[in-house]
Amino acid sequence: MLPTFRDLRYLLAYTVPGTALLGLVLGGAWTWLTLAYAFGAVPLLEWLLRPVPPVAGQPAATEARRHPFFDGLLYTNVPLQYGLLAFFLYRPSTGAFSAAETTGAIFSVGICCGALGINVAHELGHRARSWEQRLAQLLLLSSWYPHFFIEHNRGHHRHVATPHDPATARLHEGFWQFLPRAVLGEYRGAWALEAERLGREGKSRWSAGNQMLQFQAAQGLLAGLVLAFFGGQGLLYWLAAAAVGYVLFQLVNYVEHYGLQRQRTASGAYERVQPHHSWNSEHPLGRILLYELTRHSDHHYLASRPYHTLRFQPTSPQMPTGYPGMMLLATLPPLWFRVMNKRVSG
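Cut-offs used in this document
- Residues numbered from 1 in each chain as written.
- Predicted model: local features only at pLDDT ≥ 70, side-chain atom pairs only at ≥ 80, totals over all residues.
- Heavy atoms only, no water.
- UniProt positions renumbered as here; feature names shortened; annotations may be inferred.
- Helix = DSSP H or I, 4+ residues; strand = E, 2+ residues; numbered from the N terminus.
- Rg over C-alpha atoms; globule rule 2.2 N^0.38 Å.
- Lys, Arg positive; Asp, Glu negative; His and termini not counted.
- Charge placed at Lys NZ, Arg CZ, Asp CG, Glu CD.
- Salt bridge = Lys/Arg side-chain N within 4 Å of Asp/Glu carboxyl O.
- Buried < 20%, exposed > 50% of the residue type's maximum accessible area, 1.4 Å probe, protein only.
- Patch = residues over 30% accessible without salt bridge, like charges linked within 9 Å, V, L, I, M, F, W, Y side chains within 5 Å.
- Areas by Shrake-Rupley, 256 points an atom, 1.4 Å probe, with all protein chains shown as cover.
- Core = buried A, V, L, I, M, F, W, Y, C linked by side-chain atoms within 4.5 Å.
- Contact = heavy atoms within 4.5 Å.
- Expected span 1.5 Å × (residues − 1).
- Bend = angle between axes of the 7 residues up to and from the residue.
- 1 Å grid on protein atoms, 1.4 Å probe; cavity = no way out; pocket = protein on both sides within 12 Å on 5 of 7 lines; lining within 4 Å.
- Points joined across faces, edges and corners; volume = space filled by probe spheres on them.

The protein chain is annotated in an unreviewed UniProt entry as Alkane 1-monooxygenase of Hymenobacter saemangeumensis. Per its UniProt entry, the protein chain bears the Sequence similarities (unreviewed entry) comment "Belongs to the fatty acid desaturase type 1 family. AlkB subfamily." Under Subcellular location (unreviewed entry), UniProt gives the following word-for-word description of the protein chain: "Cell inner membrane".

**Student:** Please explain the overall build of the protein chain as it appears in this structure.
**Tutor:** Assigned secondary structure in the protein chain consists of 13 helices and zero strands. Listing the helices and strands of the protein chain from first to last along the sequence gives α-α-α-α-α-α-α-α-α-α-α-α-α. For the protein chain, whose C-alpha radius of gyration is 20 Å, the value lies close to the compact-globule estimate of 20 Å for 346 residues. The principal-axis extent of the C-alpha atoms belonging to the protein chain is close to 65 × 55 × 50 Å. Charged side chains of the protein chain number 28 positive and 19 negative; the gap between the two group centres comes to 3 Å.

**Student:** Would you mind going over the UniProt feature "domain: Fatty acid desaturase" (unreviewed entry) in the protein chain with me for this structure?
**Tutor:** Per the UniProt record, the feature "domain: Fatty acid desaturase" (unreviewed entry) sits at residues 107-312. In this annotation, residues 107-312 is assigned 62% helix and 0% strand; the end-to-end C-alpha distance for the span is 32 Å.

**Student:** When you look at the pattern of salt bridges in this model, what are you seeing that I'm missing?
**Tutor:** Opposite charge on two side chains permits pairing when their charged atoms draw close. Enumeration according to the criterion identifies 17 salt bridges in this entry. For Glu 63, the salt bridge is made with Arg 311, and the minimal N-O distance between the two is 2.5 Å. In this pair, Glu 63 sits in the loop between helix H2 (33-48) and helix H3 (68-75) while Arg 311 sits in the loop between helix H11 (296-301) and helix H12 (323-330), placing the two residues 248 residues apart along the sequence. Here Arg 311 falls in the buried class, since its relative accessible area comes to 14%. Its salt-bridge partner being Glu 132, residue Arg 129 comes within 3.3 Å of it at the nearest N-O pair. Assessed through its relative accessible area of 37%, Arg 129 is described here as partly exposed. What makes Glu 132 buried here is its relative accessible area of 0%. Ionic contacts of the salt-bridge type, sharing partners, join the residues Arg 66, Asp 71, Glu 123, Arg 127, Arg 129 and Glu 132 into one network.

**Student:** Got a minute to help me understand a nonpolar patch on the surface in this structure?
**Tutor:** A surface patch of nonpolar side chains, amounting to about 450 Å² of accessible area, comprises Leu 21, Leu 22, Val 25, Leu 26 and Trp 30. For Val 25, a relative accessible area of 46% translates into the label partly exposed.

**Student:** Would you mind showing me how to read the nonpolar core here?
**Tutor:** Soluble globular proteins tend to pack their nonpolar side chains together in the buried interior. In terms of nonpolar packing, the biggest core is built from 54 residues, with Phe 88, Trp 238, Tyr 254, Val 255 and Trp 336 touching the most fellow members. Broken down by element, the residue count for this core peaks at 13 residues, all from helix H9 (residues 211-257). When residues no more than four places from it in sequence are discounted, the contact partners of Val 255 are Trp 279, Met 319, Tyr 323, Met 326, Met 327, Ala 330 and Trp 336. Counting residues in each nonpolar core, the second largest holds 30 residues, with Ala 13, Leu 74, Phe 148 and Tyr 291 among its members.

**Student:** Got a minute to help me understand helix H5 (residues 99-125) in this structure?
**Tutor:** Since the α-helix advances by 3.6 residues per turn, residues separated by three or four positions end up pointing in the same direction. For H5, which comprises 27 residues, the first-to-last C-alpha distance of 36 Å matches the rise-based estimate of 39 Å (1.5 Å per residue) to within 8%. Remark: the principal bend of H5, roughly 25 degrees, maps to Cys 113. Taking burial as the measure, the 27 residues of H5 include 23 buried ones, the bulk of the element.

**Student:** Would you mind going over empty space enclosed by the protein with me for this structure?
**Tutor:** The gaps left among the atoms become clear once a water-sized probe is rolled over them. Inspection of the entire model under this criterion finds five cavities of 30 Å³ or more. Surrounding the largest cavity, 16 residues form its lining, Phe 39, Ile 111, Ala 115, Leu 290 and Met 327 being those nearest its centre. Counting residues per element, the ones that place at least two in the lining of the largest cavity are H2, H5, H9 and H12. Per-element tally for the lining of the largest cavity: the top contributor is H5, with four residues.

Quick look at the structure:
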């Protein structure tokens, strides 16, 4: 099954790690290239270029759920992410980078930790095949975020747009208030979900089958390898890049569900998740760079749909620009409230 010429636009997703690699090779101000690209050039272009009016029910690219081109785009991110991390850890260790260059590299690779290490893992983690889920876990380990595999699939999709979901931002809640609540809440939620699962099976939460224990061991092993090959400085650089990825992905969480709440039914349970419980953007660059994450309503409506088959949902609330621009806006709560609060109530 060959891709069409139009499908090739998804290759643009590789420009994010590509700019990071270029910065590491060239050094100097180039180490800041990914930051300038992802949060400078892309938001500007999406603000200038209005999206083409979408057609309801039409898939992003194809109806085929399994497609070698679209699947291969995801799989390639695993060696790409680990190769980029290894080069990132090696480059400053040679003494070739100044403090400013190292900081730029941390931000650039950190963006990749969010875009590749977490976002691509998010897509693969929803796949049914176990080896694809293993790829998701590998990517999450590269960003110090393995608990996301548990909490997102079993917690977020169940509790989204309710007070029980740490990844749903409340109305009038600024991002910097949301950030610690989301990070800690997701981590605690993953432990609780595993304890609940093991309890149903009659096992102790401290048994070897606890995925959270397995993830901590794997993360510790990987950290030990980094420490052995690149020293304490390398480990700190990796942690700093992962922290950047954490913040960026929580910015995504923040803009995806800000202020949206499901209503309770007569029985007291929450209504089924509907398209109007997620913010969407049809701006093309953000859609491609984030593997259609911006069609988030359809993803929550049917999480098993691969990214290239996601539909535009007419009842989903639309953001005024793409995800990168909205993420920038979210870092300035007064401006965010001014732009978004009227849209929530409207």
